[in-house]
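# Descriptive analysis of the structure
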Amino acid sequence: MSAIATRVVLADDEVLMREGLAGLLERAGFDVVGQCGNASELVDVVRELRPDLVIVDIRMPPTHTTEGLEAAEAIREEFPDTAVLALSAHAQVERATALLASGERSGYLLKSRKAR
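A few points on the structure. A quick note: this is a predicted structure, and the numbers were derived from the prediction, not measured. (Residues numbered from 1 in each chain as written. Predicted model: local features only at pLDDT ≥ 70, side-chain atom pairs only at ≥ 80, totals over all residues. Heavy atoms only, no water.)

### Some remarks on the pattern of salt bridges
Per the counting criterion, the structure on display carries 2 salt bridges. The salt bridge involving D44 is made with R47; its shortest N-O contact spans 3.8 Å. With D44 and R47 both in helix α2 (residues 39–49), this residue pair falls 3 residues apart, about one helical turn. With relative accessibility at 48%, the residue D44 sits in the partly exposed group. We classify R47 as partly exposed; its relative accessible area is 40%. Residues R47 and E78 are paired through a salt bridge, measuring 2.9 Å at the closest nitrogen-oxygen approach. (Salt bridge = Lys/Arg side-chain N within 4 Å of Asp/Glu carboxyl O. Helix = DSSP H or I, 4+ residues; strand = E, 2+ residues; numbered from the N terminus. Buried < 20%, exposed > 50% of the residue type's maximum accessible area, 1.4 Å probe, protein only.)

Structure (structure tokens):
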């Protein structure tokens, strides 16, 4: 009997990042069921597809400030059982901490890491 793959929706305005992450996840056994490039579309895609996990970039169009994080918070509110992983190239510690405190199945990762 085979295990059911975790269903994932990806949201990042950088197509190469989104496609690369999708490929990595699929090779690892995840089922990437949806992708989008802006936060407002993300909420609609999540409502339609009901994924197990949402991976979202914090800074998305149109202002590239916190649209993705705001969408993640809305998803957490509407779908508390959906896991949310916020990605960012920039530290957003205060807001990310609030997302992490909003319940289980939340995470925050920086897209890049500096090594010495």
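On we go.
### Regarding unusual backbone geometry
A cis geometry characterises the amide bond from P61 onward to P62, with omega recorded as 10°. In this fold, P62 is placed in the loop between β3 (53–57) and α3 (67–78). A positive phi angle, close to 50°, is found at R50, a residue other than glycine. Mapped onto the elements of the fold, R50 is located in the loop between α2 and β3.

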